[in-house]
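Residue strings, one per chain:
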Amino acid sequence: MQNILIVEDELPISRVLKAYLEKNNFQVEQAFNGEEAERKFDSLNPALVLLDVMLPGRSGWSILEYIRAKSSCPVIMLTALGQIDNKLAGLNKGADDYITKPFIADEVVARVHAVLRRPKQLIEGDHVKQFGSLKVDFKAYSVMLHGIELAFTPKDLCLFLFLAQYKNQTFTREQLIEQVWGMDYEGSDRAVDLAIKRIRRSLENWPTSEGEIRTYRGLGYKLCVYE
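Here we summarise the structure given alongside this text. The model shown is predicted, which means the values in this text are computed figures rather than measured ones.

If you trace the three strands from one edge of the open sheet to the other, you get S10-S12-S11, paired in antiparallel fashion. Every other strand in the sheet has two partners, leaving strand S10 (170–171) and strand S11 (211–216) as the edge strands with one partner each. Where S11 meets strand S12 (residues 220–225), six bridges bridge the pair, whose relative direction is antiparallel. In the sheet register, Glu-212 faces S12, and the bridge partner there is Cys-224. Where helix H6 (residues 154–165) meets the sheet, it contacts S10, S11 and S12, and its direction lies at approximately 60 degrees from that of S12.

Below you can see the structure in the form of structure tokens.
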């Protein structure tokens, strides 16, 4: 039974989400402020976190940064802020999905199932991969080239980690949007092309004899690794 941590200060909302998730065979823990959220996250090691943005004392963004500093645990943001810039802010900070209040509890459960169905970037016992001079650490969320850590935006890093976990497999733009940006993404699939362009720029000193990101017209992208 997978454990879900709900971080929501509004008790009625937290109770409803807990009831619906438990009805769907999840084990549920609740936190009502940032300090309690961090403490329970560390002790529970949940499969997924439902995280409200507006919390007393500390914001959900701060808790998200805390989680991302140590874990790739999926996080779905819950907020009354519906503007697209707030959604993009959450996704760029490393959120896996974003749900705007008011919402239907069944929809939240469906989103939880969808996020948990995504292929895991971290496979137990295989969290570090070496592609020649490129070292990818899925647990630490880091990419090292010739011993130097590369700087990526959070979303570009998530995209590259996904491609690296499934090296030598081709993914369409639509698949990458779903896996990396989330099913609630409202922007253009051009975001994938722009992210790939930035990632290639960061990897410009990676020898092409070791690997490269290749474009397949009409199909999508693949991280080719030559071992």
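Using the criterion set out here, one finds two cavities of 30 Å³ or more in the structure. By volume, the second largest cavity is sized at about 30 Å³. In terms of lining, the second largest cavity is formed by Leu-5, Val-7, Ala-37, Glu-38, Phe-41, Val-49, Ile-63, Tyr-66 and Ile-67. Elements represented by at least two residues in the lining of the second largest cavity include exactly strand S1 (3–7), helix H2 (34–44) and helix H3 (60–68). Residues of the lining of the second largest cavity, tallied by class, amount to eight nonpolar, no polar and one charged.

In this section: unusual backbone geometry. Both trends apply: most residues other than glycine have a negative phi, and most peptide bonds are in trans. In this structure, the amide linkage connecting Lys-101 to the following residue, Pro-102, adopts the cis form with an omega of -5 degrees. Tracing the chain through its elements places Pro-102 in the loop between strand S5 (97–100) and helix H5 (105–117). Phi angles above zero are rare outside glycine, and Asn-45 is one such case at about 50 degrees. Its location among the elements puts Asn-45 in the loop between H2 and strand S3 (48–52). On the accessibility criterion, Asn-45 (61% relative accessible area) is exposed. The phi dihedral of Asn-168 falls on the positive side, at around 65 degrees, and the residue is not glycine. Residue position: Asn-168 is located in the loop between H6 and S10.

Conventions adopted
Residues numbered from 1 in each chain as written. Predicted model: local features only at pLDDT ≥ 70, side-chain atom pairs only at ≥ 80, totals over all residues. Heavy atoms only, no water. Pairing = 2+ DSSP bridges. Helix = DSSP H or I, 4+ residues; strand = E, 2+ residues; numbered from the N terminus. Contact = heavy atoms within 4.5 Å. Axes fitted to C-alpha atoms, helices over the stretch in contact; angles between N-to-C directions. 1 Å grid on protein atoms, 1.4 Å probe; cavity = no way out; pocket = protein on both sides within 12 Å on 5 of 7 lines; lining within 4 Å. Points joined across faces, edges and corners; volume = space filled by probe spheres on them. Nonpolar A, V, L, I, M, F, W, Y, C, P; charged D, E, K, R; others polar. Buried < 20%, exposed > 50% of the residue type's maximum accessible area, 1.4 Å probe, protein only.

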